[in-house]
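Chain and residue survey
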Amino acid sequence: MTETTSPSVTAESASSAAELAAEFAAASASVSAAPLRVAVVIGSNREGRFGPVVAEWLLARVRERTDLAVDVVDLADADLPTSLSFSPSDAVSAELAKVTPKLAAADAFIVLTPEYNHSYPASLKSLIDWHGAEWQAKPVAFVSYGGLSGGLRAVEHLRPVLAELHAVTIRDTVSFHNAGALFDDAGNHRDPASADAAAKTLLDQLTWWAWALRSAKEVRPYGS
Ligand SMILES: Cc1cc2nc3c(=O)[nH]c(=O)nc-3n(C[C@H](O)[C@H](O)[C@H](O)COP(=O)(O)O)c2cc1C
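Residues numbered from 1 in each chain as written. Predicted model: local features only at pLDDT ≥ 70, side-chain atom pairs only at ≥ 80, totals over all residues.

1. Things to note about helix α5 (residues 122-129)
- Among the residues of α5, Ser123, Leu124, Leu127 and Ile128 are the ones counted as buried. Relative to the axis of α5, the buried residues are bounded by an arc of 135° and lie together on one face.
- On its buried face, α5 sits against β1 (36-42), β3 (108-114) and α6 (152-164). (Buried ≥ 20, exposed ≤ 12 C-beta atoms within 10 Å, placed from the backbone. Helix = DSSP H or I, 4+ residues; strand = E, 2+ residues; numbered from the N terminus. Arc of directions from axis to C-beta. Contact = placed C-beta atoms within 7 Å.)

Right, here's the structure in full:
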């Protein structure tokens, strides 16, 4: 007979695992079936930005999914200062109010980032740093764009930052190399097949993690 219990599992931890399994089994029937809320963060805010073209392409694919409800967090619409404060002024609070409730309500995020100087834009760092619990125990997927690198260096810089905030980053990304040339003047991708396939993979992985983490958090709050 094969030994199924690792020798390193103590009697105490085995009993905790059994208790946890029972807790999950009892609670699974009551896990919310509401569509997952996905916040799409448009990370660039510079004048003349290309971001909205990629954002519209992405949003069209997210909106095709009946299991997802989407909120848009466009950093061009919120003027978040780089100086953080525990007691923001009324003016700063008003800017935060444009983004914080959407982050708090999200089950999952898609961060749309360009690459600036081999990293991601300051606007995105500011959004991340103004928040904490809003990111915690939630999955984050990335859609990136830029020049030759397609924004991949921006994505790799975002992963450890979000890990610090207890977010879970999704392996697969969608990236647009030399993005400006890939879309026509009406914002349509000139050759969409591979990007559409990558978007499906990304959304499938994000959805899996979002359901898994929503279910787990409904059984036990994260960290308890
Ligand atoms: C300040 C700045 C730095 C950039 N640095 C890079 C870079 O390091 N690598 C790259 O591939 N593209 C780089 N680019 C090109 C941008 O990724 C590209 O223009 C993209 O469209 C910018 O996104 P946005 O138009 O939405 O702001 C840079 C652009 C700017 C404005």
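Next, the rest of the story.
2. Topic: the UniProt feature "domain: NADPH-dependent FMN reductase-like" (unreviewed entry) in the protein chain
- In the UniProt entry, the feature "domain: NADPH-dependent FMN reductase-like" (unreviewed entry) is given for residues 37-179.
- Helix and strand shares over residues 37-179 are 34% and 22% respectively, and the end C-alpha atoms of the span are 27 Å apart. (UniProt positions renumbered as here; feature names shortened; annotations may be inferred.)

3. Focus: helix α2 (residues 51-63)
- Taking 1.5 Å as the rise per residue, α2 with 13 residues should run 18 Å; its terminal C-alpha atoms sit 18 Å apart, in good agreement.
- Here α2 has its buried residues at Gly51, Val53, Val54, Ala55, Trp57, Leu58 and Arg61.
- On its buried face, α2 is in contact with β1, β3, β4 (139-145), β6 (174-176), α7 (179-182) and α8 (193-219). (Expected span 1.5 Å × (residues − 1).)

4. Regarding the site of the ligand
- Around the ligand, the structure places 16 residues, and the nearest of them are Ser44, Gly51, Pro114, Gly146 and Gly147.
- For the shell around the ligand, the class distribution of residues is six nonpolar, seven polar and three charged. (Near = placed C-beta within 6 Å. Nonpolar A, V, L, I, M, F, W, Y, C, P; charged D, E, K, R; others polar.)

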